[in-house]
Amino acid sequence: MTASSQGPAAVPVFLYHAVTDDPPDWIAEFTVTPREFAAHLDAVVDSGRTPVTISALADHLAGRAPLPPRPVLLTFDDGFADLPGPTAEALAERALPSTAYLTTGAITPGGRSLLPPAPMMTLDRVAELERSGMEIGSHTVSHAQLDTLTAGRLRAELADSKAVLEDALGHPVPHLAYPHGYNSPRVRAMASRAGYETATAVRHALSSDRDERYRIARLIVRRGHTLADVTTWLAGGGARVAPYRDGPKTIGWRWYRHARATLRGAEFAG
């Protein structure tokens, strides 16, 4: 389903992870090569869409400012080592703004996260990312499945990651991405109470000018996706358009994971 003249205007929000020719096996499915990434960015430029950050979408959804015509958003999760180097350079060469959501436990020396081993950027390069044109958001401390955590653990994941990034940047960090998109009404409410203005999920759907501020839909770019897929999404097709309610499978999977976490403890969201 895509947007119609009566429905919400489709807004593609792309989700990338590592951009590399040689990814660790665990993240390979969610990785694109630098050559593929360059082709995607060129397609964004050629699409005639207006690249914006999550803050621009947040301003629209909160009624503070209108969106520009035909917006598109580029987002990056986790904080892999390529981000402040070739990935940021490829974006800057095309004057494309973006939003990077960082897992603070994975990028802080001595920090702890549930992410498996991989080359990661370091916290001291966060300000550099911002200077290159990237907006910075939180991706929690450990990358746990947030909708399975106790209230205390969830509060710490949201607040501690926010505080670390704010200390590094010297200004508020009002945007959050749920690890692997896992969220629930309780998680969304706590994200709001923790001081976040927005939170992005995954949903593998197009967002819209009527999307929900605390589960903005994103299109997760996988290794098997082609340039044709990207151009279709840029045209506003090829995926469902948010907002829409969670289906029975999503709700059932959430309850299964919650029961498993009760027995095993917090697990990696991935």
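Computed from a predicted structure; not experimentally measured.

### Structural notes on the pairing of strand 4 (residues 71-78)
Part 1 of the argument: Counting buried positions along strand 4 gives eight out of eight residues, so the element sits mostly inside the fold.
Part 2 of the argument: Direction of pairing for strand 2 (residues 13-16) relative to strand 4: parallel, over a ladder of four bridges. Along strand 4, the bridge assignment pairs Tyr16 with Phe76.
Part 3 of the argument: Bridge analysis of strand 3 (residues 50-52) against strand 4 gives three bridges, and the strand direction is parallel. Paired with Pro51 across the bridge in strand 4 is Val72.
Part 4 of the argument: Tracing the backbone out of strand 3, into helix 2 (residues 54-61) and back to the parallel element strand 4 gives a crossover that is right-handed.

### Some details on the packing of helix 1 (residues 34-46) against helix 8 (residues 227-234)
Part 1 of the argument: The geometry of helix 1 relative to helix 8 is characterised by a closest axis approach of 10 Å and an angle of 25° between their N-to-C directions. With respect to helix 8, the axis of helix 1 lies roughly parallel. As helix 1 runs across helix 8, the sense of the crossing is right-handed. Taking contact as the criterion, the partners of Ala39, His40, Ala43 and Val44 in helix 1 are, on helix 8, Leu227, Val230, Thr231 and Leu234.
Part 2 of the argument: In the contact of helix 1 with helix 8, the residues fall into six nonpolar, two polar and no charged.

Rules used throughout
- Residues numbered from 1 in each chain as written.
- Predicted model: local features only at pLDDT ≥ 70, side-chain atom pairs only at ≥ 80, totals over all residues.
- Heavy atoms only, no water.
- Buried < 20%, exposed > 50% of the residue type's maximum accessible area, 1.4 Å probe, protein only.
- Helix = DSSP H or I, 4+ residues; strand = E, 2+ residues; numbered from the N terminus.
- Pairing = 2+ DSSP bridges.
- Right-handed = clockwise from strand over helix to strand, strands pointing away.
- Axes fitted to C-alpha atoms, helices over the stretch in contact; angles between N-to-C directions.
- Parallel < 35°, antiparallel > 145°, perpendicular 65-115°, else oblique.
- Left-handed = near helix turned anticlockwise from the far one by under 90°.
- Contact = heavy atoms within 4.5 Å.
- Nonpolar A, V, L, I, M, F, W, Y, C, P; charged D, E, K, R; others polar.

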